[in-house]
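# Structural overview for review
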Amino acid sequence: MSLERPEIMETIERWAAARLEALAAEAGEVASRFYLRAAQERANRPRSEWGRLGVRVRTLRSARAAPGSFAIEWFTRRWVNKTRAKAQTFTTYLRRGTGDRYPRSAFAAVAQPWEIELAETLEERFAEIRRLARSVSRVR
């Protein structure tokens, strides 16, 4: 008798895909909150305090990535040739390290104080989403 049960495997796979999709959507909503709040902060601050921090929820498409896998990544932006019509933006991703959340030190040298506080607040939820996504992958 075979221990493999295709209907169970299909059910688990459907559940995992749906759960990862929901977690990615939630992460996208949290990232949107960052940009809304950042826009509000920039409207009330001089240009020198605007900051360069950003966050992205990206679907992983590598051959090794499981279907539905995603990453939540913080980055900084810098603009080159700002005066020309074709300004270029370069991004540098911050290192998260080994845990589920970015340490405060990852933001310290690259972000404005208000950005650090906002990122720290959102990282609480992002870390939880990362843990849940990893748990879904383990069940899968």
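Going by the structure above, here's the rest.
Residues numbered from 1 in each chain as written. Predicted model: local features only at pLDDT ≥ 70, side-chain atom pairs only at ≥ 80, totals over all residues. Heavy atoms only, no water.

This part takes up the layout of surface pockets. In this structure, the largest pocket spans a volume of roughly 330 Å³. Taken together, 17 residues form the lining of the largest pocket, with Leu 60, Phe 70, Arg 130, Ala 133 and Arg 134 sitting closest to its centre. At the level of elements, strand S2 (70-80) and helix H3 (113-139) are the ones that each hand at least two residues to the lining of the largest pocket. Top contributing element to the lining of the largest pocket by residue count: H3, with 5 residues. For the lining of the largest pocket, a count of residues per class yields 9 nonpolar, 3 polar and 5 charged. (1 Å grid on protein atoms, 1.4 Å probe; cavity = no way out; pocket = protein on both sides within 12 Å on 5 of 7 lines; lining within 4 Å. Points joined across faces, edges and corners; volume = space filled by probe spheres on them. Helix = DSSP H or I, 4+ residues; strand = E, 2+ residues; numbered from the N terminus. Nonpolar A, V, L, I, M, F, W, Y, C, P; charged D, E, K, R; others polar.)

Turning to the sheet that holds strand S1 (residues 53-59), a few remarks are in order. Backbone-to-backbone hydrogen bonds join strands into a sheet, with any given pair of strands oriented parallel or antiparallel. Within the open sheet, the 3 strands sit side by side as S1-S2-S3. Their pairing is antiparallel. Two strands in the sheet have a free side with no partner beyond their single neighbour: S1 and strand S3 (88-93). Between one strand and the next, the sheet's axes are offset by a mean angle of 45°, whatever the strand orientation. Looking at chain direction, S2 and S3 are connected through 6 bridges and run antiparallel. (Pairing = 2+ DSSP bridges. Axes fitted to C-alpha atoms, helices over the stretch in contact; angles between N-to-C directions.)

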